[in-house]
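# Structural features, examined
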Amino acid sequence: MEILIKALQLLLSLSLLVVLHEFGHYFAARYFKIRVEKFYLFFNPWFALFKKKIGDTEWGIGWLPLGGFVKISGMIDESMDKEQLAQPIQPWEFRAKPAWQRLIVMIAGVVVNLIFGVLIYIGVVFAWGEEQIHTADLKDGLTVHPFMQQYGIESGDNILAIDDVEVTHIGDITSGLVIRGQQNLKVQKASGEIENILLPDSVDYAIFEAGAFPTVELRHQSTKVEFLRALKTNDTIKVEAGDVFLSINDKPLDQVNFNNLEKNFNLTLIRGKDTLVQKIASANFNLLKKVSPALAAGILPGDNFKKINNEEIIYFDDITDELFDAKETETVLSVQRNGVTQELQVEVPKSGSLGFTVRTVGYVDSAAFRHVDYSLGQSFGRGFDRGVTTLGDYVGQLKFLFTKKGASSIGGFAAIGNLFPAEWNWEKFWLNTAFISIILAFMNILPIPALDGGHVVFLLYEMVTGKEAPQKVLEYAQMVGFFILMGLLLYANGNDVYRMIFG
């Protein structure tokens, strides 16, 4: 059911955005008296689910939900209608109009998507307001990813401003450091001392490659173990990285006698949304411990961390920081189990993680949350700012595509669908739709043949040189662009499939 709800939200969002994008082209073409032969939501190879001709235009719905299109008379597009282009030029055709008019027709879809995205942000902040967290209000500081310790920032510190701008949203710190090129931090140390820390130019790539996300969070005192999980995949026992261990022979792990396991025992685990039972030979129990250092150390659900290497544990980030510092070393864990303190020894893997999930408790600084409502006039300013920031952040992320890790992180429809919540929420639906609308605008204006941006490049060439690009060049460019887009589409969705299978 969750997948269905996400899929429906994605379909509704994309359908709305595709129709509006194509209406941008349609209205611009009609304004300049250019004939539009077809207007389709989704593509219709071989047949359409619905079609009806009204005036000069055939309106329809295709069966292949990969976008939509308008077929404009006298234009080289994905239809590759060479027969029409071989005929004498007619006054209602695209090719008969001045270059500046054709340019407006081509950018109209992108403009509509940009405007629509900003309008959604305006509507959302007016209808629902906005949640803010001013870091100046925090009393316990922030949870800081251990990776940032090398720059003199650690958990308990508070980042008050970034590039002299007060922090009002926690996510702006990670986005500022990784995407926006911001490096100057005003940091309040746990002692109360204020420091200005200037990070190196390379900090964005360093954080990205280390996977230090989120760079900062609000602090919480979640120190009690809820589940154990696998950190590695082992085909012999059919356990995959990320699997959560629930029980052995239907007994919770804290009730299992691991010194007296049956010859073959059943391990119940959660993988994604599925609950599975794997039969494991007791002789392979060591393989199970190898994929979960927490299990190897004797950690059990319900254990409450008290100390790591004699360092007192108060916050969850105390656990992560101590384990990060103890990578690839023997470490002593002090946990409280049923009111009794026990010491456990473990060799912390290179990842700095043992493979357990804690029982989440509330943020210690939850009083710092602020709900801000906006008047209609204020909503226009705030909505516009969010639209511009969304576009800037998306463009800023593209620098990572040229890294190995960035290329492997590209996602397709499944990745986009996962933006939507498992339960229908109109506020989140509209926020995601605004985000996708702005992304579509940017992607469509890229100078790739077959996209709007590819047509724009040739039109700008014509306006500068006074000469049209040869028709054969336009035809070949359209075909090359089509294959580039199909390759990107297959690659992105292939990444989704790979992640679903291998995690």
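### Here we look at the overall build of the chain
- Looking only at helices and strands, the chain has 14 helices and 22 strands in total.
- Along the first, second and third principal axes, the C-alpha atoms of the chain reach 90 × 60 × 40 Å.
- Burial status across the chain gives 43% buried among its 503 residues.
- Counting only contacts in the chain whose residues sit at least 6 apart along the sequence, the fraction spanning at least 24 positions is 64%.
- About 26,400 Å² of surface is accessible on the chain, with carbon and sulfur atoms providing 58% of the total.
- Across the chain, the centroid of the 45 positively charged side chains sits 7 Å from that of the 57 negatively charged ones.

### Some thoughts on the pairing of strand β19 (residues 330-337)
- In this structure, strand β17 (residues 304-308) lies alongside β19, joined through four bridges in antiparallel fashion. The partner of K307 across the bridge, within β19, is S334.
- Bridging between β19 and strand β20 (residues 340-347) involves eight bridges; their strand directions are antiparallel. Within β20, the position partnered with V332 by the bridge is Q345.

### Some points on the side chain of S334
- Tracing the backbone shows S334 in strand β19.
- Residue S334 is classed as buried on the basis of its relative accessible area, which comes to 7%.
- Apart from the residues lying within four places of it in its own chain, the contact partners of S334 are N304, F305, K306, K307, T341, Q342 and E343.

### Details of the sheet that holds strand β18 (residues 311-312)
- In space, the four strands of this open sheet follow the order β18-β17-β19-β20, with antiparallel pairing throughout. Two strands in the sheet have a free side with no partner beyond their single neighbour: β18 and β20.
- With two bridges joining them, β17 and β18 adopt antiparallel strand pairing. Following the sheet pairing, K307 is matched in β18 by E312.
- Sitting on the sheet, helix α8 (residues 316-325) is in contact with β17, β18 and β19, with an inclination near 45° to β17.

### Some thoughts on the sheet that holds strand β1 (residues 36-43)
- Spatial strand order, β2-β3-β1-β4: four strands in an open sheet with mixed pairing. Either end of the sheet is taken by a strand with one partner, and the two such strands are β2 (50-54) and β4 (64-72). In this sheet, adjacent strand axes meet at a mean angle of 10° when their direction is disregarded.
- In terms of strand pairing, β1 meets strand β3 (residues 57-61) through four bridges, oriented parallel. Following the sheet pairing, K38 is matched in β3 by E58.
- Sheet strands touched by helix α1 (residues 2-31): β1, β3 and β4. Its angle to β1, the strand with the most contacts, is close to 170°.

### What about helix α9 (residues 376-397)?
- Here α9 is 22 residues long and its end C-alpha atoms lie 31 Å apart, about the 32 Å a rise of 1.5 Å per residue gives.
- Buried within α9 we find S379, G383, G387, T390, D393, Y394 and G396.

### Some words on the pattern of salt bridges
- Throughout the structure, instances matching the rule amount to 16 salt bridges.
- Across the pair D204 and K399 runs a salt bridge, and its minimum N-O distance is 2.7 Å. Placement of the pair is D204 in helix α5 (residues 203-210) and K399 in the loop between α9 and α10 (404-408), with a sequence separation of 195 residues.
- Among the residues examined, K399 registers a relative accessible area of 24% and is labelled partly exposed.
- Between D243 and R271 there is a salt bridge, with its nearest N and O atoms 2.8 Å apart. On the criterion of sequence distance, the pair formed by D243 in the loop between β12 (225-229) and β13 (244-248) and R271 in strand β15 (residues 264-271) is long-range, its members being 28 residues apart.
- Sharing partners across several salt bridges, the network here consists of E130, R382 and R386.

### Side note on the packing of aromatic side chains
- Taken as a whole, this structure holds 29 aromatic pairs when the rule is applied.
- On the numbers, 5.4 Å between centres and 0° between planes, the contact of Y40 with F69 is stacked. You can see Y40 sitting in strand β1 and its partner F69 sitting in strand β4, a full 29 residues away along the chain. Taken as a pair, Y40 and F69 share a single burial class, namely buried.
- With a centroid separation of 5.2 Å and an interplanar angle of 70°, the aromatic rings of Y205 and F400 are classed as edge-to-face. Residue Y205 is found in helix α5, and its partner F400 is found in the loop between α9 and α10; the two are separated by 195 residues along the sequence.

### Remarks on the environment of G392
- Here G392 shows up in helix α9.
- Assessed through its relative accessible area of 39%, G392 is described here as partly exposed.
- Measuring from C-alpha to C-alpha, the distance between G392 and V256 comes to 53 Å, with 136 residues separating the pair along the chain.

### Focus on the nonpolar core
- Counting 36 residues, the largest nonpolar core has F245, L288, I299, F305 and F356 as the members making the most contacts within it.
- Residues within four places of F305 in sequence aside, it is in contact with T223, V225, I299, I313, I319, L333, S334, V335 and F356.
- Core analysis: the second largest hydrophobic core is formed by 28 residues, F147, I179, L185 and I207 among them.

### A short note on unusual backbone geometry
- With omega at -20°, the peptide bond leading from F213 into P214 counts as cis.
- Following the sequence through the fold, P214 ends up in the loop between α5 and β11 (216-218).
- Phi is positive for F42, close to 70°, though the residue is something other than glycine.
- Tracing the sequence through the fold places F42 in strand β1.
- The backbone of N249 shows a phi angle near 50°, a positive value even though the residue is not glycine.
- Relative to the elements of secondary structure, N249 occurs in the loop between β13 and β14 (251-252).

### Observations concerning the packing of helix α3 (residues 99-128) against helix α13 (residues 452-465)
- Between α3 and α13, whose axes approach to 10 Å, the crossing angle comes to 160°. One way to sum up the angle between α3 and α13 is to call them roughly antiparallel. Both α3 and α13 take part in a crossing whose hand is left-handed. Residue-level contacts link A99, W100, R102, L103, M106, I107 and V110 of α3 to D452, H455, V456, L459, L460, E462 and M463 of α13.

Here is what the cut-offs are and how they apply
- Residues numbered from 1 in each chain as written.
- Predicted model: local features only at pLDDT ≥ 70, side-chain atom pairs only at ≥ 80, totals over all residues.
- Heavy atoms only, no water.
- Helix = DSSP H or I, 4+ residues; strand = E, 2+ residues; numbered from the N terminus.
- Buried < 20%, exposed > 50% of the residue type's maximum accessible area, 1.4 Å probe, protein only.
- Contact = heavy atoms within 4.5 Å.
- Areas by Shrake-Rupley, 256 points an atom, 1.4 Å probe, with all protein chains shown as cover.
- Lys, Arg positive; Asp, Glu negative; His and termini not counted.
- Charge placed at Lys NZ, Arg CZ, Asp CG, Glu CD.
- Pairing = 2+ DSSP bridges.
- Axes fitted to C-alpha atoms, helices over the stretch in contact; angles between N-to-C directions.
- Expected span 1.5 Å × (residues − 1).
- Salt bridge = Lys/Arg side-chain N within 4 Å of Asp/Glu carboxyl O.
- Phe/Tyr/Trp six-rings, centres within 6.5 Å; stacked < 30°, edge-to-face > 60°.
- Core = buried A, V, L, I, M, F, W, Y, C linked by side-chain atoms within 4.5 Å.
- Parallel < 35°, antiparallel > 145°, perpendicular 65-115°, else oblique.
- Left-handed = near helix turned anticlockwise from the far one by under 90°.

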